Amino acid sequence: MLRNILMFVASCALTVGCSSAGSDSDAEDSYVEEFDCTGVISTQVSTPDLRHYELAGPVKSCRRTTFYDVVRDNDNKLAIDTAGRNIVESTAYFSPEGGYIAKEHERIRRDQNGRIEHWEDRAPNYPAIHPGYLKDSYDFEHIDENHHKVSSATMVSYVITDEYGRIIGEQIHSNDPKFDTSAHNVYRKYDKRGNWTERLTIWTTHTAGDSLPTTRYSIDRRRIIYY
């Protein structure tokens, strides 16, 4: 359970709006080999909100499915949990102008450049808790174009992105529960507009009391709808 909690916290650091949604059946197909994803995405229009989500172009919605506890099988291939356990789904919606559309329970504050600097989830944790109870809150410090700091009440994360906004790596420190972890991404598939649709994340984590760090894998898949 602990490993799922810490990977979920880390993966949500730059992805606000974690609520489930139905399937997006008309999403574009992923790329074929030799597809020049960087050449294509460099021609797409981006906004601070789209970049926040590693997106570019006229995106209407982006549904991300994260498979945790990905394991290597006997053929040394990565196998996901097809039974539906250890899976988190989230969907982000955007206006035609490329602005993130906040959900009913979300509160967002922006800096003078229009970038998201604070996000809150005001949905209750349990039915017995008042709806105004603050469940999650993140602060985003934009150190420079490719270097960001993400903070909450219990953790701090430093995120490095490339020139297209894709997350190269992340270093996370948490006080509750206590752990230090680093994450490195391998982007494996793209759609015809150059946005990634599948990536592998390698997590190296050291928790309090462990003599050696552990390495685990997760896979993200995205289905993107365009205007």
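Keep in mind that this is a model prediction, so the values were computed, not measured.

Asks: Hey, could you go over the environment of Y138 for me, with residue numbers and the actual values?
Replies: Residue placement: Y138 occurs in strand β6 (residues 136-144). The buried category is assigned to Y138, whose relative accessible area is 7%. Separated by twelve residues in sequence, Y138 and V150 have C-alpha atoms that sit 6.6 Å apart.

Asks: Outline the pairing of strand β10 (residues 178-190), supporting the account with residue identities and numerical values.
Replies: As judged from the seven bridges shared by strand β9 (residues 167-175) and β10, these two strands associate in the antiparallel manner. Paired with G169 across the strands is H184, a residue of β10. Counting the residues in the hairpin turn of β9 and β10 gives two residues. Note: β10 against strand β11 (residues 196-207), eleven bridges, orientation antiparallel. The residue bridging A183 from the neighbouring strand is W203, located in β11. Following β10, the chain reverses through five residues before pairing antiparallel with β11; G194 in that reversal takes a positive phi of roughly 90 degrees.

Asks: I'd like a description of a nonpolar patch on the surface, backed by residues and values.
Replies: A surface patch of nonpolar side chains, about 280 Å² in accessible area, is lined by Y93, I101 and Y227. Tracing the backbone through its elements, the reader meets Y93 in strand β3 (residues 87-93). Since its relative accessible area comes to 34%, Y93 is described here as partly exposed.

Asks: Could you give an account of the nonpolar core, naming the residues involved and the relevant values?
Replies: Generally speaking, soluble globular proteins have nonpolar side chains that are buried together. Formed by 16 residues in total, the largest nonpolar core has its most connected members in Y138, F140, V150, I172, Y187 and Y190. Those elements giving two or more residues to this core turn out to be β5 (116-121), β6, β8 (155-161), β9, β10 and β11. Ranked by residue count, the leading element in this core is β10, at four residues. Counting residues in hydrophobic clusters, the runner-up holds ten residues, among them L55, A92, I224 and Y226.

Asks: Tell me about the pattern of salt bridges, residues and numbers included.
Replies: Using the criterion set out here, one finds eleven salt bridges in the structure. Across the pair D220 and R64 runs a salt bridge whose closest N-O atoms are separated by 3.7 Å. A residue pair is termed long-range when its members are at least 10 positions apart, and D220 in strand β12 (residues 214-226) and R64 in strand β1 (residues 59-72) qualify at 156 residues. R64 sits in the buried class, given a relative accessible area of 8%. Where R115 meets D111, a salt bridge forms, and the shortest distance between an N and an O atom there is 2.9 Å. With a relative accessible area of 25%, R115 lands in the partly exposed category. When its relative accessible area of 17% is taken as the criterion, D111 is described as buried. Sharing partners across several salt bridges, the network here consists of E54, R64, R199 and D220.

Thresholds applied
Per chain, residue numbering runs from 1 following the sequence as it is written. In keeping with the predicted nature of the model, local features appear solely for residues at pLDDT of at least 70, side-chain atom pairs appear and are counted solely at 80 or more, and the whole-chain, interface and lining totals rest on all residues. Excluding hydrogens and water, the side-chain values take into account all heavy atoms of the structure. For helices the rule is a DSSP run of H or I covering at least 4 residues; for strands it is a run of E covering at least 2, with both sets numbered from the N terminus onward. Remark: exposure states derive from per-residue accessible area (1.4 Å probe, protein chains only) relative to the maximum for the residue type, with buried under 20%, exposed over 50%, and partly exposed in between. Pairing between two strands requires that DSSP report at least two bridges joining them. Like charges within 9 Å and nonpolar side chains (Val, Leu, Ile, Met, Phe, Trp, Tyr) within 5 Å are joined into patches, using only residues over 30% in relative accessible area that form no salt bridge. Under the convention used here, a 1.4 Å probe and the Shrake-Rupley method define accessible areas, while residue burial counts only the protein chains that appear. Take a side-chain nitrogen of Lys or Arg and a carboxyl oxygen of Asp or Glu: if they are within 4 Å of each other, that pair is a salt bridge. To qualify as a nonpolar core, a set must consist of buried Ala, Val, Leu, Ile, Met, Phe, Trp, Tyr and Cys residues joined through side-chain atoms within 4.5 Å.

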